[in-house]
Amino acid sequence: YHNNMFFYMDINPVMLVVFSGLIYMLLLVAELLKEKFSPRQKYTMDIFFADFKLVNISSFYDSGFNVRDIISNKDVIIISAEKVKDLLPDKLTKDITNFIDGKYDDVSYVFVPVMFTTLSGNGMLPALKGQYIMVENKRIDNILIAFTKDTLTENIDAIFGAGIKRQL
C-alpha cells in the first residue's frame, strides 16, 4: 500500500530468505561463468638469465601496463624482488636495493635503467637482460627483467604487458 510517498509490501519472511538465497546463487553462477569465459590474466613463467634462473614465477597480464625500454624498445617484465629474494643470488638482491635507493657506486651488476611513470609519480628501476622466458611452453627472447622492492600483490610475483601477451 502507499502511505506518505512510501510503498509498503507485505512479504513473508520465509519467502524473503528464499529469494535472497536464490539471488545469491544466481550471482555466484554468473561470476563463475565470467571467470571461465573471460580472457586469462594469470600465468606461470620461468625466467632464464646467464648464471641463474627463476622458476614458477606467478605473473599477471595487465592490459594497462606499457613499460618498455626507451632505448632498445624491449618488452619489460617487473618482478617483486621481495617475493623472489630466495631465488635470487644474495649479491643481486643487495645491488637491487642499492640501485633503487640511489647508491649507484655500491652496485656490481650491470643494470639497464628502466624509466616508468605512474599516477603517483615516476622513477627508475634496475633491469637485467634475460636470456629468455618460458610461458605456456612458448619461448620469448629479447626482454628485460626489471626489479622493484615493492610487493605487487599477495599472489603475484611479476606483471607484464601487451607486448609479451601478443607473443603467447
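Please read these numbers as outputs of a predicted model, since none were measured by experiment. (Residues numbered from 1 in each chain as written. Predicted model: local features only at pLDDT ≥ 70, side-chain atom pairs only at ≥ 80, totals over all residues. Heavy atoms only, no water.)

## Focus on a nonpolar patch on the surface
Which entries qualify depends on this criterion: Like-charged residues within 9 Å of one another, or nonpolar side chains (Val, Leu, Ile, Met, Phe, Trp, Tyr) within 5 Å, are grouped into patches, provided each residue has over 30% relative accessible area and no salt bridge. Values of accessible area rely on a 1.4 Å probe in the Shrake-Rupley scheme; residue burial ignores everything except the protein chains shown. A carboxyl oxygen of Asp or Glu within 4 Å of a side-chain nitrogen of Lys or Arg is what we treat as a salt bridge. Here a helix means four or more residues in a row that DSSP labels H or I, a strand means two or more in a row labelled E, and each is numbered from the N terminus. Residue exposure (1.4 Å probe, protein chains only): buried if accessible area is under 20% of the type maximum, exposed if over 50%, otherwise partly exposed.
A surface patch of nonpolar side chains, amounting to about 790 Å² of accessible area, comprises Met9, Ile11, Val14, Met15, Leu16, Val18, Phe19 and Leu22. Mapped onto the fold, Leu22 is located in helix 1 (residues 13-37). Of the residues examined, Leu22 reaches a relative accessible area of 46% and is grouped as partly exposed.

## A few points about the confidence of the model for the protein chain
Selection rule: Known as pLDDT, the predictor's confidence for each residue is given on a scale from 0 to 100.
With 96% of its residues at a pLDDT of 70 or more, the protein chain has an overall mean of 85. When pLDDT is averaged over each helix and strand of the protein chain, the minimum, 67, is found for strand 1 (residues 2-3) and the maximum, 91, for strand 9 (residues 158-160).

## Here we look at the pairing of strand 3 (residues 42-48)
Each regular strand displays side chains that alternate between the two surfaces of the sheet. Convention followed: At least two DSSP bridges between two strands are needed for those strands to be called paired.
By the bridge criterion, six bridges tie strand 3 to strand 4 (residues 53-61) in an arrangement that is antiparallel. Pairing of Ile47 across the sheet is with Leu54, part of strand 4. Connecting strand 3 to the next strand, strand 4, in antiparallel fashion are four residues. In the sheet, strand 3 pairs with strand 7 (residues 121-135) via four bridges, with the strands oriented antiparallel. Bridge pairing in strand 7 links Met45 to Val135.

## Notes on the packing of aromatic side chains
Convention followed: Each Phe, Tyr or Trp ring, with Trp reduced to its six-membered ring, pairs with another whose centre is within 6.5 Å; inter-plane angles below 30 degrees give stacked pairs, above 60 give edge-to-face pairs, and intermediate values give tilted ones. Each ring is checked for a lysine NZ or an arginine CZ that lies within 6 Å of its centre and within 35 degrees of its normal; such an atom marks a charge sitting over the ring.
Overall, the coordinates contain seven aromatic pairs when judged by the stated rule. When the ring centre of Tyr132 is taken as origin, the NZ or CZ atom of Arg139, which lies over that ring, is 3.7 Å away. A cation over a ring is seen here: Lys165 above Tyr61, with NZ or CZ 5.1 Å from the ring centre.

## Let's talk about the pattern of salt bridges
For the structure shown, the criterion picks out six salt bridges. Ionic pairing is found between Asp75 and Arg68, a salt bridge with its closest N-O pair at 2.2 Å.

## Examining the nonpolar core
Filter applied, for reference: We define a nonpolar core as any set of buried Ala, Val, Leu, Ile, Met, Phe, Trp, Tyr and Cys residues linked to one another through side-chain atoms lying within 4.5 Å. Two residues form a contact once any of their heavy atoms are found within 4.5 Å.
Of all hydrophobic cores here, the largest spans 28 residues; its most connected members are Ile77, Ile79, Leu88, Ile133, Ile145 and Phe147. For this core, the secondary structure elements donating two or more residues are strand 3, strand 4, strand 5 (75-80), helix 2 (90-100), strand 7, strand 8 (138-148) and strand 9. Of the residues forming this core, the biggest block, four residues, is contributed by strand 8. Not counting chain neighbours up to four residues away, the residues in contact with Ile79 comprise Ile47, Leu54, Val84, Ile145, Ala146, Phe147, Thr148, Asp157 and Ala158.

## Concerning the side chain of Asp95
Rules: Two N or O atoms form a polar contact when they lie within 3.5 Å of each other; inside protein one atom must be a possible hydrogen donor and the other a possible acceptor, and for residues adjacent in sequence the pair counts only when both atoms belong to side chains.
Following the sequence through the fold, Asp95 ends up in helix 2. Its relative accessible area of 0% is what places Asp95 among the buried residues. Here Tyr109 takes part through its backbone nitrogen, which lies 3.1 Å from a polar atom of the side chain of Asp95. In this structure Asp95 touches Asp106, Val107, Ser108, Tyr109 and Phe111, once residues within four positions along its chain are discounted.

## Re the pairing of strand 5
Burial runs high along strand 5: six of the six residues are buried. Residues Asp75, Ile77 and Ile79 line one face of strand 5 and the alternating positions Val76, Ile78 and Ser80 line the opposite face, and both faces are buried. The sheet contact formed by strand 5 and strand 8 spans six bridges and is parallel. Within strand 8, the residue paired with Ser80 across the bridge is Thr148. Judged from the two bridges that link them, strand 5 and strand 9 form a sheet pairing that is antiparallel. Of the residues in strand 9, the one forming a bridge with Ile78 is Ile159.

## Description of unusual backbone geometry
Phi angles above zero are rare outside glycine, and Asn56 is one such case at about 55°. Relative to the helices and strands, Asn56 is located in strand 4. Residue class for Asn56 comes out exposed when judged on its relative accessible area of 58%. For Asn142, which is not glycine, the phi torsion reads 60° and is therefore positive. Note that Asn142 resides in strand 8.

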